[in-house]
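Tertiary structure, described
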Amino acid sequence: MATHPGRLTDRTAAVRVRGLHRSFSRAGGVLNGLDLDIAPGEFVALIGRSGSGKSTLLRALAGLDRDVAGHGAVDVPDKVSVVFQDSRLLPWKRVLDNVTFGLRDKDAAQRGQVALAEVGLEGREKAWPHELSGGEQQRAALARSLVRDPELLLADEPFGALDALTRIRMHVLLRKLCEAHQPAVLLVTHDVDEAIVLADRVIVLDDGVVARDLRVDLDRRSQADPEFAALRAQLLAELGVEDDSAPAPRHAHTRYDRKAAS
Ligand SMILES: Nc1ncnc2c1ncn2[C@@H]1O[C@H](COP(=O)(O)OP(=O)(O)OP(=O)(O)O)[C@@H](O)[C@H]1O
């Protein structure tokens, strides 16, 4: 695991961040004493204006930012997987070899096959990454994460480059995978609806701290549901955007339902 100075040792939390600071210039901090807890198995979506520090926080949790050392306490589990907007598959390795890359155990190939089947890529083990669609590549990236059985899954706009229909399919898949594997999840997204559809909690980042922390307590994850619309309006207001979508958006007939994912 990456260096995480001032580590806390509370195992009842999957993520525990205290007083995290990060700046890249003298002009001011990107993260300004941020505190955050994520419980084991909890799905948290992180939204915020462009440049508010979402990726900076995610990189700090992923251990990808070595210079964050000494700027607060960050405690994450040992097994952390990261998914980005692009799949980052190695183009010179077949899909299964990408999924199992770096795994040394004897049954890695078998576990990789199971993971690929779980994400709907059964039979594509021998394909090259360029032979997969964008959505399929993200499925393979998810399989690569899941095969490592992460306690924490960090996802930075993982569906940002996908078309609307593929996105919806990926939402259903991700919920299903999370219910089966129960990792804690931190999902960075620009899409308020995606946050409400997927998360147990939505966190709004502003001025380098958690400005809002809202539990998503909806029976139905349907965009047509008035409670969904009210939460969307509240979150958009937090982001400084007026929600004039009172008439339901065109894709409002799409029903996101946790049960549908299982
Ligand atoms: N390595 C770096 N060097 C210098 N500045 C950086 C670096 N990484 C991030 N920043 C700056 O920190 C700020 C926050 O960036 P970050 O990528 O975390 O924002 P974000 O909320 O993820 O933005 P977006 O929604 O646009 O992806 C930005 O002003 C960015 O320019």
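Residues numbered from 1 in each chain as written. Predicted model: local features only at pLDDT ≥ 70, side-chain atom pairs only at ≥ 80, totals over all residues.

Identification of the chain as ABC transporter ATP-binding protein from Nocardioides iriomotensis is taken from an unreviewed UniProt entry.

1. Observations concerning the overall build of the chain
A count of helical and extended segments in the chain gives seven helices and 11 strands. Within the chain, buried positions represent 38% of all 262 residues. A fraction of 71% describes how many contacts in the chain between residues 6 or more apart in sequence connect residues 24 or more apart. (Helix = DSSP H or I, 4+ residues; strand = E, 2+ residues; numbered from the N terminus. Buried ≥ 20, exposed ≤ 12 C-beta atoms within 10 Å, placed from the backbone. Contact = placed C-beta atoms within 7 Å.)

2. Re the site of the ligand
Every residue lining the ligand is accounted for by Phe24, Val30, Gly48, Ser50, Gly51, Ser52, Gly53, Lys54, Ser55 and Thr56. Considering every element that reaches the shell around the ligand, the biggest residue donor is helix 1 (residues 54–62), with three residues. Class assignment for the residues of the shell around the ligand results in two nonpolar, seven polar and one charged. (Near = placed C-beta within 6 Å. Nonpolar A, V, L, I, M, F, W, Y, C, P; charged D, E, K, R; others polar.)

3. Some thoughts on the sheet that holds strand 7 (residues 184–188)
The pairing of strands in a sheet comes from backbone hydrogen bonds and takes either a parallel or an antiparallel form. Pairing is mixed in the open sheet, where six strands are placed in the order 5-6-7-3-8-9. With one partner strand each, in any of the chains shown, strand 5 (80–83) and strand 9 (209–215) form the two edges of the open sheet. The mean inter-strand angle of the sheet, taken between neighbouring strand axes irrespective of direction, is 20 degrees. Relative to strand 7, strand 3 (residues 43–48) runs parallel, the two being bridged by four bridges. Bridge pairing in strand 7 links Ala45 to Leu187. (Pairing = 2+ DSSP bridges. Axes fitted to C-alpha atoms, helices over the stretch in contact; angles between N-to-C directions.)

4. Points about the sheet that holds strand 1 (residues 15–25)
Spatial ordering of the open sheet is given by 2-1-4, a layout of three strands whose pairing is antiparallel. One side of each edge strand has no neighbouring strand; the edge strands of this open sheet are strand 2 (28–38) and strand 4 (73–75). Pairwise comparison of adjacent strand axes, ignoring direction, gives a mean angle of 30 degrees for this sheet. Sheet analysis places strand 1 next to strand 4, joined by three bridges and oriented antiparallel. By the bridge assignment, Arg16 is partnered in strand 4 with Asp75.

5. Brief notes about the nonpolar core
Counting residues in hydrophobic clusters, the biggest one holds 65 residues, and the most contacted among them are Val15, Ala143 and Leu186. When residues of this core are sorted by domain, at least three fall in each of domain 1 (13–79 + 152–240) and domain 2 (86–149). Other than its neighbours up to four places away in sequence, Val15 contacts Leu36, Asp37, Ile38, Leu61, Val76, Leu152, Ala184 and Leu186. (Core = buried A, V, L, I, M, F, W, Y, C linked by C-beta atoms within 7 Å. Domains from an automatic or database assignment.)

6. Concerning the environment of Asp193
With respect to the helices and strands, Asp193 occurs in helix 6 (residues 192–198). Given 22 C-beta atoms within 10 Å, Asp193 falls into the buried group. When the C-alpha atoms of Asp193 and Ser222 are compared, they prove to be 9.6 Å apart, with 29 residues separating the residues in sequence. Leaving out residues up to four positions away in the same chain, Asp193 has contacts with Gln223 and Arg232.

7. Some words on helix 4 (residues 134–146)
End to end, helix 4 covers 18 Å across 13 residues, agreeing with the expected 18 Å (1.5 Å per residue, within 8%). Among the 13 residues that make up helix 4, 11 are buried, leaving the element largely enclosed by the rest of the structure. Among the residues of helix 4, those classed as buried are Gly135, Gln137, Gln138, Arg139, Ala140, Ala141, Leu142, Ala143, Arg144, Ser145 and Leu146. On its buried side, helix 4 packs onto strand 5, helix 2 (95–99), helix 3 (108–118), strand 6 (152–156) and helix 5 (164–181). (Expected span 1.5 Å × (residues − 1).)

8. A few points about unusual backbone geometry
Not every positive phi belongs to a glycine, and Arg88 is a case in point at roughly 55 degrees. Its identity is not glycine, yet Gln182 carries a phi of approximately 55 degrees, on the positive side. Along the chain, the position of Gln182 falls in the loop between helix 5 and strand 7. With 13 C-beta atoms counted inside 10 Å, the residue Gln182 sits in the partly exposed group.

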